[in-house]
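Architecture at a glance
Chain by chain, the residues run as shown.
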Amino acid sequence: MSDDDVFRALADASRRQLLDRLHSENGQTLGELCQGLGMTRQAVTKHLAILEAANLVSTRRHGREKLHFINPVPINDIAERWIGKFERPRLAALSKLKRTLEGEDHD
Amino acid sequence: MTSTVASTFVYVTFIRTTPEQLWTALTSSEFTRQYWFGMHQETDWKPGSSWQLVFPDGRVADTGEIVEADPPKRLVLKWRNEFKPELKSEGYSRCTIELEPIDGAVKLSITHTMDLPDSKLIGAVSGGWPRILSNLKSLLETGELALGT
């Protein structure tokens, strides 16, 4: 996988929505991820395969179930490449300000 | 997570190196300090031995035990926080580190789990692991660190 795979995987609102759902609740089955989404099971399966190929989602077997986990490491690699250590506190403050002002908190 | 009562995070990165070099990077204090924010581990890496993660100033951050050590493939640790009472009270988590050679690189998977829903410890370490792994990848692939310590 490459940075291109990561950006391509992220360039789709449905896939970002799946990552948001894993971010709020990690380790979900395909069935759980499909609940309340306006997507067919086949579409979700396809999107998860693209996210897994980009290493943004990893899976673990748990008994008969396959659980999906968000893997933020490739996104962190991209962030480190351009952001660097000195800007981190300032960016965190700006990002917090934006979330507070816009009233949306994805944490 | 909904499927079990445990809290689990799984981190995966692919590093262009050998399993032996990656194992050394994961287990040598000299190397660990370079990518783990100046921290180092104290243990002899034998199953049953004690394990400690130590801050640069000598305070103990976390303690535990080596459960399995199969170099250069698999390492399992019992892991408990020592410096925050609300984390320490959760008891021991389990950290499984797996190295798998794939196409000239090594797939490094870190699974950190606690048998509690919404574990505060797992929440606390979840912010650290991606940064540690980015540092480690950068250090092994380029000889430089992405972050200072």
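Residues numbered from 1 in each chain as written. Chains lettered and ligands numbered in written order. Predicted model: local features only at pLDDT ≥ 70, side-chain atom pairs only at ≥ 80, totals over all residues. Heavy atoms only, no water.

Attention now moves to the overall build of chain B. When helices and strands are counted, chain B shows five helices and seven strands. Secondary structure elements of chain B occur, N-terminal to C-terminal, as β-α-α-β-β-β-β-α-β-β-α-α. Relative to the compact-globule value of 15 Å for 149 residues, chain B shows a C-alpha radius of gyration of 15 Å, a close match. Put simply, of all contacts in chain B between residues at least 6 apart along the chain, 47% involve residues at least 24 apart. With an accessible surface of roughly 6800 Å², chain B has 50% of that area assigned to carbon and sulfur atoms. With 15 positive and 19 negative side-chain charges, chain B shows a separation of 2 Å between the mean positions of the two kinds. (Helix = DSSP H or I, 4+ residues; strand = E, 2+ residues; numbered from the N terminus. Rg over C-alpha atoms; globule rule 2.2 N^0.38 Å. Contact = heavy atoms within 4.5 Å. Areas by Shrake-Rupley, 256 points an atom, 1.4 Å probe, with all protein chains shown as cover. Lys, Arg positive; Asp, Glu negative; His and termini not counted. Charge placed at Lys NZ, Arg CZ, Asp CG, Glu CD.)

Core analysis: the largest hydrophobic core is formed by 36 residues, its most contacted members being Leu22(B), Trp79(B), Leu108(B), Trp129(B) and Leu136(B). For this core, the element with the most residues is helix H5 (residues 128-142) of chain B, which contributes six residues. Residues within four places of Leu108(B) in sequence aside, it is in contact with Tyr11(B), Val12(B), Thr13(B), Ile15(B), Leu22(B), Leu26(B), Ile97(B), Glu98(B), Leu99(B), Leu133(B) and Leu136(B). Listed in part, the 18 residues of the second largest apolar core include Leu37(A), Met39(A), Leu51(A) and Ile78(A). (Core = buried A, V, L, I, M, F, W, Y, C linked by side-chain atoms within 4.5 Å. Buried < 20%, exposed > 50% of the residue type's maximum accessible area, 1.4 Å probe, protein only.)

Going through the model one piece at a time under the given rule, you end up with nine salt bridges over all chains. Its salt-bridge partner being Arg8(A), residue Asp5(A) comes within 3.5 Å of it at the nearest N-O pair. Placement of both Asp5(A) and Arg8(A) in helix H1 (residues 3-10) is noted, with a separation of three residues, approximately one turn of the helix. In this structure, Glu98(B) and Arg74(B) form a salt bridge, with 3.4 Å as the shortest nitrogen-oxygen distance. Here the residue Glu98(B) occupies a position in strand E6 (residues 93-102), and Arg74(B) occupies one in strand E5 (residues 74-81), the gap between them amounting to 24 residues. Taking relative accessible area as the criterion, Arg74(B) reaches 28% and is therefore assigned partly exposed. Where salt bridges share partners, they join Arg60(A), Glu68(B), Arg74(B) and Glu98(B) into one cluster. (Salt bridge = Lys/Arg side-chain N within 4 Å of Asp/Glu carboxyl O.)

This part takes up the sheet that holds strand E2 (residues 40-42) of chain B. Residue and element names in this part refer to chain B. Spatially, seven strands are ordered E1-E7-E6-E5-E4-E3-E2 in an open sheet, and the strand pairing comes out antiparallel. Looking at the sheet topology across the chains shown, the edges are occupied by strand E1 (7-15) and E2. Adjacent strand axes in the sheet meet at a mean angle of 25°, parallel and antiparallel pairs treated alike. Pairing analysis gives five bridges linking strand E3 (residues 50-54) to strand E4 (residues 60-70), with the strands arranged antiparallel. Note that in E4 the partner of Ser50 across the bridge is Glu65. (Pairing = 2+ DSSP bridges. Axes fitted to C-alpha atoms, helices over the stretch in contact; angles between N-to-C directions.)

Let us look at unusual backbone geometry. All names here are of chain B. In this structure, the amide linkage connecting Pro71 to the following residue, Pro72, adopts the cis form with an omega of -10°. You can see Pro72 is positioned in the loop between E4 and E5. Of note, the phi angle at Asp103 is positive, near 50°, even though the residue is not glycine. You can see Asp103 is positioned in the loop between E6 and strand E7 (105-114). Of note, the phi angle at Asp118 is positive, near 50°, even though the residue is not glycine. Note on Asp118: relative accessible area 72%, which makes it exposed.

Turning to the environment of Leu77(B), a few remarks are in order. Residue and element names in this part refer to chain B. Relative to the helices and strands, Leu77 is located in strand E5. Given a relative accessible area of 1%, Leu77 falls into the buried group. Through-space distance from the C-alpha of Leu77 to that of Asp57 is 23 Å; in sequence the pair is 20 residues apart.

Turning next to the environment of Ser89(B). Residue and element names in this part refer to chain B. Within the fold, Ser89 resides in the loop between helix H3 (85-88) and E6. Residue classification places Ser89 among the exposed positions, given a relative accessible area of 62%. For the pair formed by Ser89 and Leu121, sequence separation is 32 residues and the distance between their alpha carbons is 9.6 Å. Among the polar contacts listed, one links the side chain of Ser89 to the backbone oxygen of Glu86, at a separation of 3.2 Å. (Polar contact = N/O pair within 3.5 Å; in protein donor to acceptor, adjacent residues only side chain to side chain.)

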